[in-house]
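A look at the structure
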Amino acid sequence: MRTVLRRPDFRLLFGALLASMAAESILLLALAIWVKDLTGSDGLAGATIFAIIAPMTLAPLVGWVVDRYRRRPFFVAANLGTAMLLTPLFAVRDRADVWIIYVVAALYGLSYLTLSATLSGLIRQLVPSELLADANGALQTVRQGLRLGGPLAGAALYAAVGGWLLTTLAMVGFVTAAAVVGLLRVAETEPAAATLRWPAELGAGLRHLAGEPALRRALLGYGLGSLVMGFSESLIFAYVDQGLDRDAAFVGVLVTVQGVGGLVGGLLSPAVVRRTGEVGALAAGVTFFGPAALALAWPDLRLGVLALLLAGVSLPLTMVGLATLIQRRTPPRLLGRVAAASEALVSGPQACSIGAGALLVGVFDYRLLFVLVGVVTTAAGAWLWRGRRLSPPPGTPGPVPSPRRPHPAEHLTPDPTRL
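Since we're looking at a predicted model, the values are computed, not measured.

So, about the overall build of the protein chain. Across its full length, the protein chain holds 17 helices and 0 strands. Taking all 419 residues of the protein chain together, 50% fall into the buried category. Looking at the protein chain alone, contacts between residues at least 24 apart form 86% of all its contacts between residues at least 6 apart. When the accessible surface of the protein chain is summed, it comes to about 18600 Å², and 68% of that surface belongs to carbon and sulfur atoms.

In structure tokens:
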């Protein structure tokens, strides 16, 4: 990780993302709290998170737009656009204005998907292939660190002065990110013109994911785990209330413990990728969630702390493994569409599982549900581990790839940066 941080270009990008991720971390929870404050409704507050997730359905379109432009100027424009779309929040005064928060939340979700897809391509252009895991690991470490205090800071600022200051700080973060990335000097060529009809262009990312064996296995295994991982968002409240017999506010302590695990996972993830390969790192992350969930089926605080540390370690491993695999196994001209499609394919099952967990915890014993989560994620991780040779560690001979009919888009002018 030190090697990639010695690169001046990556240090600039790292500083820009530190500003934008800080803005994101203080904003997301505060929007839901804002709605709760105006309406008094938990359901309407939760709908704010759904509004952010809903634009994931537009992933193919977003990825196609991203792939039509050079990465650096598009990333600058997207950050400035994100800052501008927050301005309607200054008009929120009372319950009648809640719709403004929902509209901004949905637009922010669209912006988040756009920035993620653009960032994946920008990192691929700035960083050599052998340092991609280090770059992704560094960014995940920062993201996990901000999760420790960002949401709490946002909630505290909202309680102290209201939403206007949060909106201002978030806008400053995104404008700062745009200004810093604008200083980068990246040699980029104009993307090739589309050669297929627009339905085929939109679906190119999904076709690549389906046709590349390592990516296909990674998304199927992680998608299976995601179908139950989201249960924990609701189960943790039952664990604290029914299992530990503590107030719901104690969840914040456990989330902090999980954040500490996330920092450890972010620091370790590049080494895990180098030792086991991208699919192996993803498999380790999904598998670690299994025993963590099983441990939470037994209400003991000491065991719970260890479980949440392990769950925290798992998240950066999955994120770094998947992001690095996508960057290494995708032609640069398709990277926006593939990154956006993979984000939607992972976030969709997670969103469904969060909703399902909220319903199921009212019907079944939370301990049984934790056991279900543990069994499914362990099985998904084991299945992923069996496919780790599809993306062997650097310097290790991999399996001979099966023949695949090339997509017409791949007959364009050869790209010297393609792996």
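Don't stop here, the text continues.
Further remarks concern the nonpolar core. Tyr239 and Phe370 are the most contacted members of the largest nonpolar core, which totals 48 residues. Every element with two or more residues in this core is listed here: α10 (204-211), α11 (213-229), α12 (232-243), α13 (251-276), α14 (278-296), α15 (301-329), α16 (335-360) and α17 (366-386). Not counting residues up to four positions away in its chain, the partners in contact with Tyr239 are Leu244, Leu254, Leu296, Trp298, Pro299, Asp300, Leu301, Gly304, Tyr366 and Phe370. In terms of nonpolar packing, the next biggest core, distinct from the first, is built from 28 residues, Val4, Leu115, Val127 and Ala135 among them.

For the rest of this paragraph, the subject is the packing of α11 against α17. As a packed pair, α11 and α17 sit with axes 8 Å apart at the nearest point and diverge in direction by 175°. Considering their axes alone, α11 and α17 lie roughly antiparallel with respect to each other. Residues Arg217, Ala218, Leu220, Gly221, Tyr222, Leu224, Gly225, Val228 and Met229 of α11 lie in contact with α17, whose contacting residues are Val373, Val376, Thr377, Ala380, Trp383, Leu384 and Arg386. A per-class count over the contact of α11 with α17 returns 11 nonpolar, 3 polar and 2 charged.

Turning to the pattern of salt bridges, a few remarks are in order. If you walk through the whole model with that rule in mind, you get 9 salt bridges. Put simply, Arg274 and Asp134 hold a salt bridge, and the shortest N to O gap is 3.0 Å. Taken together, the positions of Arg274 in helix α13 and Asp134 in helix α7 (residues 132-161) put the pair 140 residues apart, joining distant regions of the chain. Here Asp300 makes a salt bridge to Arg302, at a shortest N to O gap of 3.7 Å. Under the relative-accessibility criterion, Arg302 is labelled exposed at 67%. Within the structure, one salt-bridge network assembled from shared partners comprises Asp67, Arg71 and Arg337.

Here the focus is the side chain of Gln144. When you line up the elements, Gln144 lands in helix α7. The exposure class of Gln144 is buried, given its relative accessible area of 2%. Those residues in contact with Gln144 that lie beyond four places of it in its chain are Gly259, Gly262, Leu263, Leu315 and Pro316.

So, on to the packing of aromatic side chains. Tallied over the full model, the rule gives 6 aromatic pairs. Ring geometry for Tyr69 versus Phe74: centroids 5.5 Å apart, planes at 15°, classification stacked. Directly above the ring of Trp383 sits Arg217, whose terminal nitrogen or CZ lies 4.0 Å from the centroid.

Residues Phe90, Val161 and Trp164 make up a contiguous nonpolar surface patch of about 280 Å² in total accessible area. Of note, Phe90 is situated in the loop between α5 (71-85) and α6 (98-126). What makes Phe90 partly exposed here is its relative accessible area of 33%.

With respect to the helices and strands, the residue Leu85 is situated in helix α5. With residues up to four places along the chain from it excluded, the contact list for Leu85 reads Val104, Leu107, Tyr108 and Ser111.

For the protein chain, per-residue confidence averages 83 on the pLDDT scale, and 88% of positions sit at 70 or higher. A low-confidence stretch, residues 400-419 stays under pLDDT 50, and its non-local contacts, those more than four residues away or across chains, total 28 contacts.

The next thing to look at is the packing of α5 against helix α8 (residues 163-181). With their axes 8 Å apart at the nearest point, α5 and α8 run at an angle of 165° to one another. One finds that α5 runs roughly antiparallel with respect to α8. Crossing angle aside, the handedness with which α5 passes α8 is left-handed. In this structure, α5 uses Arg72, Phe75, Val76, Asn79, Leu80, Thr82 and Ala83 to contact α8, whose residues at the interface are Met171, Phe174, Val175, Ala177, Ala178 and Val181.

Within the secondary structure layout, Pro270 lies in helix α13. Distance from Pro270 to Asp134, taken between C-alpha atoms, is 5.0 Å for residues 136 residues apart in sequence.

For the rest of this paragraph, the subject is the side chain of Thr167. Structurally, Thr167 is set in helix α8. Excluding anything up to four places from it in sequence, Thr167 contacts Trp34, Leu86, Leu89 and Phe90.

For the rest of this paragraph, the subject is unusual backbone geometry. The phi dihedral of Asp245 is positive, around 55°, even though this residue is not glycine. For Asp245, the location among the structural elements is in the loop between α12 and α13.

Now for the environment of Leu29. As for its position among the elements, Leu29 is in helix α2 (residues 8-39). Residues Leu29 and Ala45 lie 16 residues apart in sequence; the distance between their C-alpha atoms is 9.6 Å.

Cut-offs applied
Residues numbered from 1 in each chain as written. Predicted model: local features only at pLDDT ≥ 70, side-chain atom pairs only at ≥ 80, totals over all residues. Heavy atoms only, no water. Helix = DSSP H or I, 4+ residues; strand = E, 2+ residues; numbered from the N terminus. Buried < 20%, exposed > 50% of the residue type's maximum accessible area, 1.4 Å probe, protein only. Contact = heavy atoms within 4.5 Å. Areas by Shrake-Rupley, 256 points an atom, 1.4 Å probe, with all protein chains shown as cover. Core = buried A, V, L, I, M, F, W, Y, C linked by side-chain atoms within 4.5 Å. Axes fitted to C-alpha atoms, helices over the stretch in contact; angles between N-to-C directions. Parallel < 35°, antiparallel > 145°, perpendicular 65-115°, else oblique. Nonpolar A, V, L, I, M, F, W, Y, C, P; charged D, E, K, R; others polar. Salt bridge = Lys/Arg side-chain N within 4 Å of Asp/Glu carboxyl O. Phe/Tyr/Trp six-rings, centres within 6.5 Å; stacked < 30°, edge-to-face > 60°. Lys NZ or Arg CZ within 6 Å of the ring centre and 35° of its normal. Patch = residues over 30% accessible without salt bridge, like charges linked within 9 Å, V, L, I, M, F, W, Y side chains within 5 Å. pLDDT = per-residue confidence, 0-100. Left-handed = near helix turned anticlockwise from the far one by under 90°.

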